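One letter stands for each residue in the lines below.
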Amino acid sequence: MISEQEILNASILIVDDQQANVLLLREMLRDVGYARIASTNDPFEVCALHQKNRYDLILLDLQMPGMDGFQVMEGLKKIETDGYLPVLVITAQPGHKLQALASGAKDFIAKPFDLVEVQTRIRNMLEVRLLYKKLESYNQLLEQTVQDRTAELRESKARFRRLTELSSDWYWEQDENGNFSRIFGPVYEMLGIRVDDAQGQTRDEQGASWDETERETLEANIAARRPFLDFVYCRTNPDGSRQYLMVSGEPMFDPSGRYSGYRGIGKDVTDTMRPKHESPPESLAAQPA
């Protein structure tokens with residue numbers, strides 16, 4: 001909403017080649033409390049004045065020597081590129097009213113002046129104009145806020161990805177059916193699995209055997225939609241070596257609250273978890289000189 005004070009503080013330009021009309025309108029506006037009133041008798045000055053001051057309302061006489069009000073409005077259109085002309089025309093010719101509105105004026109005042117009508121039309125037009133400017137300002141602020149928020153999200157996503165890369169070997173997401181939907185890092189290589197292109201399913205490629213108790217615990221967490229942190233489980237590779245993996249994950253839900261899968265990070269912690277008496281597989285052992 002626009003307050004009474006905002007309306008009375010609006011900037012107004014009176015344009016009329018007759019000084020008596022200027023004085024009458026100026027006095028009428030001051031009587032009701034308008035404080036920012038400018039005027040000119042020269043239509044050739046209007047565009048430059050508006051370019052500098054961006055008036056909230058221009059009271060524009062149509063019949064002026066050298067340059068009429070229609071020509072003035074054509075010049076104002078080059079300044080108000082959004083198409084909104086804050087012009088209230090003044091005319092003694094009834095036939096000019098529709099032409100003025102078609103040229104971009106928002107309202108008109110008939111001569112001779114009816115002071116109550118003039119005050120009402122000026123107030124109504126100022127309220128609309130100020131609302132328009134407030135909406136325009138809000139839209140610009142909203143657009144800037146969206147741009148800033150988008151930039152923040154991109155930066156946050158980049159930081160998150162970098163942190164994930166530094167703190168883990170891979171980032172993963174699974175859909176509600178347990179299939180990988182997004183990964184960053186060599187998850188397939190480390191898990192020894194590959195994707196069946198026909199079905200979109202993953203299956204073991206190396207014939208490794210998992211610790212069933214640990215695997216069941218992990219699957220139970222996922223089935224119960226529970227988050228888990230630093231869960232370690234292991235598998236025995238075909239060469240007899242044991243591989244230890246540590247994963248953390250949390251369930252994902254869409255805006256309606258429906259479960260949509262899991263996401264998390266994983267890391268190969270074999271070097272820190274392997275018992276001291278267990279040797280690394282032959283393929284990883286140091287080769288003799």
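What comes next is a walk through the structure. Numbering of residues starts from 1 in each chain and follows the order in which that chain's sequence is written. For this predicted model, a pLDDT threshold of at least 70 governs which residues receive local features, and a threshold of 80 or more governs which side-chain atom pairs are given and counted, while totals over whole chains, interfaces and linings are taken from all residues. Neither water nor hydrogens contribute to the side-chain values; these are computed over all heavy atoms in the structure.

## What to know about the overall build of the protein chain
Numbering of helices and strands starts at the N terminus; helices are DSSP runs of H or I of at least 4 residues and strands are runs of E of at least 2. Counting secondary structure elements, the protein chain contains 9 helices and 13 strands. Accessible area is worked out with a 1.4 Å probe on protein chains only. A residue is then buried under 20% of its type maximum, exposed over 50%, and partly exposed in between. A total of 289 residues make up the protein chain; the buried ones form 36% of that total. In this description, contact between two residues means that some pair of their heavy atoms is separated by no more than 4.5 Å. Considering only intrachain contacts with a sequence separation of at least 6, the fraction spanning at least 24 residues in the protein chain is 55%. About 17,300 Å² of surface is accessible on the protein chain, with carbon and sulfur atoms providing 52% of the total. Where accessible areas are quoted, they stem from the Shrake-Rupley method and a 1.4 Å probe; at the residue level, only the protein chains shown are allowed to cover.

## As for the packing of aromatic side chains
Centre distance and the angle of the planes are the two values used to describe a pair of aromatic rings. Planes of paired rings set the category: under 30 degrees apart is stacked, over 60 is edge-to-face and the rest tilted, where pairs are Phe, Tyr or Trp rings (Trp by its six-membered ring) whose centres lie within 6.5 Å. In this structure the tally under the stated criterion is 5 aromatic pairs. Where phenylalanine 231 meets tyrosine 233, the ring centres are 6.2 Å apart and the plane angle is 35 degrees; that geometry is what we call tilted. On the accessibility criterion, phenylalanine 231 (15% relative accessible area) is buried. Consider the rings of tyrosine 259 and tyrosine 262, whose centres lie 6.2 Å apart with planes at 65 degrees: the pair is edge-to-face. As far as burial versus exposure is concerned, tyrosine 259 and tyrosine 262 are alike and both buried. Note that lysine 106 overlies the ring of tyrosine 84, its terminal NZ or CZ placed 4.7 Å from the centroid. The criterion is that NZ of a Lys, or CZ of an Arg, lies within 6 Å of the ring centre and within 35 degrees of the ring normal, and then a charge sits over that ring. The aromatic ring of phenylalanine 108 is capped on one face by arginine 121, whose charged end is 5.2 Å from the ring centroid.

## Quick word on the nonpolar core
In terms of nonpolar packing, the biggest core is built from 23 residues, with Leu29, Tyr34, Leu57, Leu59, Ile122 and Leu126 touching the most fellow members. Looking at this core, the elements with two or more residues in it are helix H1 (4–8), strand S1 (11–15), helix H2 (19–31), strand S3 (57–61), strand S4 (87–91) and helix H6 (115–167). For this core, the leading source of residues is H6, giving 5 residues. In this structure, leucine 57 is in contact with Ser11, Ile12, Leu13, Pro86, Leu88, Ile122, Met125 and Leu126, ignoring residues within four places of it in sequence. Nine residue types can take part in a nonpolar core, namely buried Ala, Val, Leu, Ile, Met, Phe, Trp, Tyr and Cys, and a core is a set of them joined through side-chain atoms within 4.5 Å. Leu62, Leu85, Ala105 and Phe108 belong to the second largest nonpolar core, which has 20 residues in total.

## A closer look at H2
Residue pairs spaced three or four apart in an α-helix point in one direction, given the helix's 3.6 residues per turn. The end-to-end C-alpha distance of H2 is 18 Å, a good match for the 18 Å that 13 residues give at a rise of 1.5 Å each. Buried within H2 are the following residues: Asn21, Val22, Leu25, Arg26, Met28 and Leu29. Here the buried residues of H2 occupy an arc of 165 degrees about the axis, which is enough to place them on one side. Turned more than 90 degrees off the buried face of H2, the exposed positions are Ala20 and Asp31. Take the residue count of a helix, subtract one, and multiply by 1.5 Å to get its expected span. The directions from the helix axis to the C-beta atoms are what the arc is built from.

## Looking at helix H8 (residues 212–223)
The end-to-end C-alpha distance of H8 is 16 Å, a good match for the 16 Å that 12 residues give at a rise of 1.5 Å each. At the C-terminal side of H8, arginine 225 shows a positive phi close to 60 degrees.

## Observations concerning the packing of helix H3 (residues 46–53) against helix H4 (residues 69–77)
Each axis is a line fitted through C-alpha atoms, taken for helices only over the stretch in contact, and angles between the N-to-C directions span 0 to 180 degrees. Where H3 contacts H4, the two axes come as close as 9 Å, and the packing angle between them is 35 degrees. Considering the relative orientation of H3 and H4, their crossing is right-handed. For the pair H3 and H4, contact is made by Val46, Cys47 and His50 and by Val72, Gly75 and Leu76, respectively. Just so you know the grouping, Ala, Val, Leu, Ile, Met, Phe, Trp, Tyr, Cys and Pro go in nonpolar, Asp, Glu, Lys and Arg go in charged, and all remaining residues, Gly too, go in polar. Classifying every residue of the contact of H3 with H4 gives 4 nonpolar, 2 polar and no charged. Note: crossing handedness is left-handed where the near helix turns anticlockwise from the far helix by less than a right angle, and right-handed where it turns clockwise.

## Digging into the pattern of salt bridges
Only one rule defines a salt bridge in this text: a Lys or Arg side-chain nitrogen within 4 Å of an Asp or Glu carboxyl oxygen. Within this structure, the stated rule accounts for 13 salt bridges. Lysine 134 serves as the salt-bridge partner of glutamate 6, at 3.5 Å between the closest nitrogen and oxygen. Taken together, the residues span a long stretch of sequence, with glutamate 6 in helix H1 and lysine 134 in helix H6 at a distance of 128 residues. The partner of lysine 77 in a salt bridge is glutamate 74, with the nearest N and O atoms 3.1 Å apart.

## Let's talk about unusual backbone geometry
The step from lysine 111 to proline 112 runs through a cis peptide bond, and the omega angle for that step is -5 degrees. Counting through the fold element by element, proline 112 comes out in the loop between strand S5 (107–110) and H6. A positive phi is found at arginine 54, a non-glycine position, where the angle reads about 45 degrees. By secondary structure assignment, the location of arginine 54 is in the loop between H3 and S3. The class for arginine 54 is partly exposed, based on a relative accessible area of 37%. Even without being glycine, arginine 225 reaches a positive phi, approximately 60 degrees. Within the element layout of this structure, arginine 225 appears in the loop between H8 and strand S11 (228–236).

## Some details on the side chain of glutamine 174
With respect to the helices and strands, the residue glutamine 174 is situated in strand S6 (residues 170–174). We call two N or O atoms a polar contact when they sit within 3.5 Å, provided that within protein one can donate a hydrogen and the other can accept it, with sequence-adjacent residues counted only if both atoms are side-chain atoms. There is a polar contact of 3.3 Å between the side chain of glutamine 174 and the backbone oxygen of glycine 178. Residues in contact with glutamine 174, not counting those within four places in the same chain, are Asn179, Phe180, Ser181, Ile222, Met252, Ser260, Gly261 and Tyr262.

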